[in-house]
Amino acid sequence: MTSRPHHIAVLLVPIVLAACLFAAARAKADQLVTDLSSHKISIHSNFTGTQILLFGAVEANAPETRGLARDIVVVVSGPQRPMTVRRKARVAGIWVNHDSITFPRVPGYYAVASTRPLEVTAGADVLKREQIGVENVDLGPPSAQAMDGSAEVLPSEEVQAFVKALIRNKKRERLYISDPGGVTFLGQTLFRATLEIPATVPVGLYTATVYLIRDGEVVDAIASPLYIDKGGLERFIYRLAHTRPLFYGLIAVIGAALAGWLASAVLRER
């Protein structure tokens, strides 16, 4: 008959081995340490765009293999809002909005920078799963409408045509940016990336995510918040317009009336 202490020891052996293997794997895994140059950007009337610097280091088990096996991908995205994409068609010789698709979760800004082109760093399935690359962003379930306003079901290739048009328009506005090679290593472990923030960037909460990819798989990721908001008088007017629209409208009407009265008074004196 087996003694009870010996039976307990036998049960504990695989648990201890598993814990040791897990600790060893944790010790060998590469890890990231990152930060932003600023976590808040204030927009004033003279704002013409800016840059954000993202820097960090790889706490690597074997840093000498970085050039062959490790890649860094930086993604700055936000804020997500519904957006409608319309397609024009020629009806009776006139170009009109024919049908449209509304996507519920469209990033107002999306920038990605990497040490190498994304298709080299990881496979398409990994990029799709992690939503790395603007083509892989989940925009949410689309809802299509016909020209008369009725709901419409479009085939997937038609939906993809709308997605491509959305991405194309955002790139034209410099709100969707792709910079392969935009992340540079300073030595074996330190890296940095500089991303452009255009003047037309929407206000709101952003997320700056850094991915460490090794042998085509994401082994670590760190997300940091970035807040873009209006500052000074612009902030007061913006918040007043969005929180108290009726009061803002009254002030705008009174201000316009006073400006008109002042202009007419000056002209009469002349």
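What this report covers is the structure whose coordinates are included nearby.

Quick word on the overall build of the protein
Piece 1. The secondary structure content of the protein amounts to seven helices and twelve strands.
Piece 2. Scored against the burial criterion, the 270 residues of the protein give a buried share of 34%.
Piece 3. Sequence separation of 24 or more characterises 71% of the internal contacts of the protein that already satisfy a separation of 6 or more.
Piece 4. Element-wise, carbon and sulfur atoms account for 60% of the exposed surface of the protein, whose accessible area totals about 16,500 Å².

Remarks on the environment of Phe55
Piece 1. Within the secondary structure layout, Phe55 lies in strand β3 (residues 50–59).
Piece 2. As for Phe55 and Val210, which are separated by 155 residues in sequence, their C-alpha atoms are 9.6 Å apart.
Piece 3. Setting aside residues no more than four positions away along its own chain, Phe55 makes contact with Val33, Thr34, Asp35, Leu36, Ser37, Phe191 and Arg192.

Focus on the nonpolar core
Piece 1. Core analysis: the largest hydrophobic core is formed by 29 residues, its most contacted members being Ile72, Val74, Val76, Tyr109, Phe191, Leu195 and Val201.
Piece 2. With sequence-adjacent residues up to four places away left out, Val76 is seen in contact with Ile52, Tyr109, Tyr110, Ala111, Leu195, Tyr206, Thr207, Ala208 and Leu226.
Piece 3. Of all hydrophobic cores here, the second largest spans 27 residues; its members include Val85, Phe103, Leu127 and Ala144.

What about the packing of aromatic side chains?
Piece 1. In the structure shown here, the tally under the stated rule is three aromatic pairs.
Piece 2. Taking the centre distance of 6.0 Å and the plane angle of 65 degrees together, the rings of Tyr109 and Tyr206 count as edge-to-face. In this pair, Tyr109 sits in strand β5 (residues 94–114) while Tyr206 sits in strand β11 (residues 204–214), placing the two residues 97 residues apart along the sequence.
Piece 3. Residue Tyr206 is classed as buried on the basis of its relative accessible area, which comes to 1%.

Section: the sheet that holds strand β1 (residues 31–36)
Piece 1. Taken together, four strands build an open sheet; the order of strands is β1-β3-β10-β9 and the sheet is antiparallel. The two strands at the open ends of the sheet, each matched to only one other strand, are β1 and β9 (183–186). Strand-to-strand twist of the sheet, defined as the mean angle between neighbouring strand axes without regard to direction, takes the value 25 degrees.
Piece 2. Inspection of the sheet shows β9 paired to strand β10 (residues 190–197) by four bridges, in the antiparallel sense. When the bridges of β10 are listed, Val183 appears paired with Ala193.

What counts as what
Residues numbered from 1 in each chain as written. Predicted model: local features only at pLDDT ≥ 70, side-chain atom pairs only at ≥ 80, totals over all residues. Heavy atoms only, no water. Helix = DSSP H or I, 4+ residues; strand = E, 2+ residues; numbered from the N terminus. Buried < 20%, exposed > 50% of the residue type's maximum accessible area, 1.4 Å probe, protein only. Contact = heavy atoms within 4.5 Å. Areas by Shrake-Rupley, 256 points an atom, 1.4 Å probe, with all protein chains shown as cover. Core = buried A, V, L, I, M, F, W, Y, C linked by side-chain atoms within 4.5 Å. Phe/Tyr/Trp six-rings, centres within 6.5 Å; stacked < 30°, edge-to-face > 60°. Pairing = 2+ DSSP bridges. Axes fitted to C-alpha atoms, helices over the stretch in contact; angles between N-to-C directions.

In short, shape yes, function no, at least from these values alone.
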